[in-house]
Amino acid sequence: MPETIRTVVVTAPGTAEVLDAPRPAAGPADALLRVRACGVCGSDGFYIHRGGIPPREGATPLGHEIAAEVVEVGADVTGLRVGDHVVVDPTAARSGIIGNGGPTGGLADLLLIEDVVVGVSLAVVPDEVPWEVAALNEPMAVAKHAVNRLHPVAGEKAVVFGAGPIGLGALIDLTRRGLDVVVVDVVPSRLQKARELGASAVVDSAREDLAARLIEAHGDTPLRPGDHRPGTDVYLDVAGAPAVIESVQRLAKHGARLSVAGVHKQPVPVDLGALLSTEITISLSRGYPTEIFEVTQDIVADWRRYERIISHRVPFEQVHEALRLASTPGAAEKVVVVLP
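On a predicted model such as this, the values are computed, not experimentally measured, just so you know.

A.B. asks: Help me understand the environment of Gly 96, please; the structure alone is not making it clear to me.
C.D. replies: Summarising the element assignment, Gly 96 is placed in the loop between β6 (85–88) and β7 (110–113). Here the alpha-carbon distance between Gly 96 and Val 160, two residues 64 residues apart in the chain, equals 33 Å. Among all residues touching Gly 96, those that are not within four sequence positions of it are Pro 90, Gly 102 and Pro 103.

See below:
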């Protein structure tokens with residue numbers, strides 16, 4: 001049995017390396033996992049760029065979108081067996097968030113989960129779900145929380161701004177709940193994928209009149225005489241672009257709801273006076289307070305649809321290429337690293 005494992009670690013600004021680390025050992029309350037797939041998140045590229053996450057700058061293990069096989073189970077652990085396929089809540093790790101500033105990361109051969117509680121630390125998934133699809137669990141939980149903040153109701157009309165992985169996950173979630181969904185983006189390939197995944201219409205906001213297209217799709221609901229607005233009930237911003245917030249302020253009907261999950265890197269003007277008559281509800285969305293294993297059942301039930309979000313499957317031996325692809329605008333949609 002090898003005494004070391006491979007793990008991907010940020011070692012300096014702009015540099016991530018595959019390093020050897022001691023093989024972890026499972027105690028009586030722990031489980032040892034063989035990582036079989038790990039998605040690459042946009043945050044991974046950010047951590048590489050800045051050289052790590054305080055206080056682990058220069059020594060930040062990467063990888064938090066994890067699907068794995070159980071290879072060791074401590075004597076005190078219940079509800080888990082060797083050979084089980086699992087997805088992981090990286091935020092539940094006792095020693096720090098996995099792949100987000102903690103001492104361990106999922107871009108590694110093996111991953112130790114301390115103080116295992118099934119349903120809290122990890123969840124078991126059926127063997128039929130491919131590893132790389134199971135690895136979507138964490139980002140799809142982000143999408144589900146953003147959707148939950150909208151309190152959507154079957155039969156309502158929705159708009160999703162941004163057709164990246166989170167936006168596509170939100171599209172699947174909303175349509176599974178019975179909403180009519182229009183997706184807005186500026187990348188034709190992303191819009192085509194949104195259409196394939198169930199969007200009733202797609203809008204290229206760089207080339208088309210957004211208001212006219214949404215009125216065409218969701219009907220005309222004037223806010224006041226002469227002020228024509230789409231009949232859209234809920235808006236979801238996963239693009240993080242100022243133009244999205246400007247558009248919603250201009251288009252929102254009375255009683256509309258907006259959930260903002262996209263990361264806005266600069267202040268965005270909000271005209272509260274102009275919004276007063278809309279009585280819009282604006283919610284912010286971060287992470288997945290309760291959704292990390294709620295979304296697991298969605299993926300199990302509809303994994304072939306979620307699978308289409310993945311654009312690239314890259315073997316661990318080419319992990320540097322996976323990180324490059326994921327951090328290069330337009331090069332890939334969703335990159336998942338697969339391990340033997």
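So much for the structure itself; the text now carries on.
A.B. asks: Would you mind showing me how to read the layout of surface pockets here?
C.D. replies: The gaps left among the atoms become clear once a water-sized probe is rolled over them. Put simply, the second largest pocket is a space of about 210 Å³. In terms of lining residues, the second largest pocket is bounded by 14 residues, among which Ile 5, Ala 21, Pro 22, Pro 103 and Thr 104 are the most central. Breaking the lining of the second largest pocket down by element, the ones donating at least two residues are β1 (4–12), β2 (15–22) and β7. Of the residues that constitute the lining of the second largest pocket, the class distribution is 11 nonpolar, 3 polar and no charged.

A.B. asks: What is the right way to look at the packing of helix α6 (residues 210–218) against helix α7 (residues 242–251) in this model?
C.D. replies: Angle between the axes and distance between the axes are the two parameters that describe a pair of packed helices. Running from amino to carboxyl end, α6 crosses α7 at an angle of 55°, the nearest separation of the two axes being 11 Å. Of the possible angle classes, the one that applies to α6 and α7 is oblique. Crossing angle aside, the handedness with which α6 passes α7 is right-handed. Counted together, Leu 210, Ala 211 and Leu 214 of α6 and Ser 247, Arg 250 and Leu 251 of α7 form the full contact between these two elements. Considered class by class, the residues forming the contact of α6 with α7 number 4 nonpolar, 1 polar and 1 charged.

Definitions and limits used
- Numbering of residues starts from 1 in each chain and follows the order in which that chain's sequence is written.
- Since the coordinates come from a predicted model, pLDDT governs what is reported: local features require at least 70, and pairs of side-chain atoms require 80 or more to be given and counted, while whole-chain, interface and lining totals use all residues.
- Each side-chain value is derived from all of the structure's non-hydrogen atoms; neither hydrogens nor water enter the calculation.
- Working definition: helices are DSSP H or I runs of at least four residues, strands are E runs of at least two. Numbering for both runs from the N terminus.
- In this analysis, two residues are considered to be in contact whenever any of their non-hydrogen atoms come within 4.5 Å of each other.
- Space inside and on the surface of the protein is sampled on a 1 Å grid over the protein atoms alone, with a cavity defined as a set of points where a 1.4 Å probe fits but cannot get out and a pocket as an open set with protein on both sides within 12 Å along at least 5 of 7 lines; lining residues have an atom within 4 Å of a point.
- Grid points are joined across faces, edges and corners, and a volume is the space filled by probe spheres set on the points.
- In this count, Pro and Cys sit with the nonpolar residues alongside Ala, Val, Leu, Ile, Met, Phe, Trp and Tyr, while Asp, Glu, Lys and Arg are called charged and the others, Gly among them, polar.
- Axis definition: a line fitted to C-alpha atoms, limited for helices to the stretch in contact. Angles are taken between N-to-C directions and run from 0 to 180 degrees.
- Roughly parallel refers to an angle under 35 degrees, roughly antiparallel to one over 145, roughly perpendicular to one between 65 and 115, and oblique to any angle outside these ranges.
- The hand of a helix crossing depends on one turn: near helix anticlockwise from the far one by less than a right angle means left-handed, and clockwise means right-handed.

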